Amino acid sequence: MAGSQVGAIPGQLIGWASWALGANSDVEAAARDLNQKIDLLNLSHPDPTVLGRVPYVGDDVLALAIRNGSTDTWVGQVGQAFMNLATRGIP
């Protein structure tokens, strides 16, 4: 629309999305590492009276990171769209 103002700061959205996607990668790696360590613990067959089978709690963390990654990608795309609008017509 002519005369419309962009209410978001495009660079901040783009920057945040980039940072968040990097953080999600770290969280995903930590969740996978946690599940591998739990697998090793369970394979060691600990005394069930002391320690029962440990669930793979990294799965929930991994799912959260993947969902957040989709949202973070979208935020970056929105930031880029706002940037394109804000710089429209600038050579």
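Please refer to the structure higher up on the page.
Residues numbered from 1 in each chain as written. Predicted model: local features only at pLDDT ≥ 70, side-chain atom pairs only at ≥ 80, totals over all residues. Heavy atoms only, no water.

K.L.:
It is not clear to me how the overall build of the protein chain should be interpreted in this structure. Could you clarify?
P.N.:
Scanning the protein chain from N- to C-terminus turns up two helices and zero strands. A compact globule built from 91 residues would reach a C-alpha radius of gyration of about 12 Å, whereas the protein chain, at 21 Å, exceeds it by more than 25%. The buried share of the protein chain, reckoned over its 91 residues, is 19%. Considering only contacts within the protein chain whose residues lie at least 6 apart along the sequence, 73% involve residues at least 24 apart. (Helix = DSSP H or I, 4+ residues; strand = E, 2+ residues; numbered from the N terminus. Rg over C-alpha atoms; globule rule 2.2 N^0.38 Å. Buried < 20%, exposed > 50% of the residue type's maximum accessible area, 1.4 Å probe, protein only. Contact = heavy atoms within 4.5 Å.)

K.L.:
I'm lost on the pattern of salt bridges in this one. Help?
P.N.:
Once their charged atoms are close, side chains differing in charge can pair, the charge on each being opposite to the other. On inspection of all chains with the given rule, the structure shows two salt bridges. The salt bridge partner of R32 is E28, with a shortest N-O separation of 3.7 Å. Placement of the pair is R32 and E28 together in helix α1 (residues 10–43), with a separation of four residues, close to one helical turn. Look at R32 and you get partly exposed, because its relative accessible area is 45%. Residue E28 is classed as partly exposed on the basis of its relative accessible area, which comes to 23%. Salt-bridge contacts for K37 lead to D33; the nearest nitrogen and oxygen are separated by 2.8 Å. Taken as a pair, K37 and D33 lie in helix α1 at a separation of four residues, close to a single helical turn. With a relative accessible area of 34%, D33 lands in the partly exposed category. (Salt bridge = Lys/Arg side-chain N within 4 Å of Asp/Glu carboxyl O.)

K.L.:
When you look at the packing of α1 against helix α2 (residues 58–86) in this model, what are you seeing that I'm missing?
P.N.:
Between two packed helices, both the angle of their axes relative to each other and the distance between the axes serve to describe the pair. It is at 8 Å that the axes of α1 and α2 come closest, and there the two elements cross at 165 degrees. Here α1 lies roughly antiparallel to α2, going by the angle between them. For the pair α1 and α2, the sense of crossing is left-handed. Counted by class, the contact of α1 with α2 contains 18 nonpolar, 10 polar and four charged residues. (Axes fitted to C-alpha atoms, helices over the stretch in contact; angles between N-to-C directions. Parallel < 35°, antiparallel > 145°, perpendicular 65-115°, else oblique. Left-handed = near helix turned anticlockwise from the far one by under 90°. Nonpolar A, V, L, I, M, F, W, Y, C, P; charged D, E, K, R; others polar.)

K.L.:
Would you take a moment to explain the side chain of D72 for this structure?
P.N.:
Along the chain, D72 falls in helix α2. Although D72 is buried, it makes no salt bridge; R67 carries the closest opposite charge, 11 Å away. Looking at D72, its side chain comes within polar contact range of the side chain of N24, at 2.6 Å. With residues up to four places along the chain from it excluded, the contact list for D72 reads W16, A17, A20, L21 and N24. (Lys, Arg positive; Asp, Glu negative; His and termini not counted. Polar contact = N/O pair within 3.5 Å; in protein donor to acceptor, adjacent residues only side chain to side chain.)

K.L.:
Looking at this model, I keep getting lost on the environment of G79. Mind explaining?
P.N.:
On the secondary structure map, G79 appears in helix α2. Owing to a relative accessible area of 0%, G79 belongs among the buried residues under this scheme. Counting along the chain gives 13 residues from G79 to I66, while the straight-line C-alpha distance between them is 20 Å. Contacts of G79, omitting those with residues within four sequence positions, involve P10, L13 and I14.

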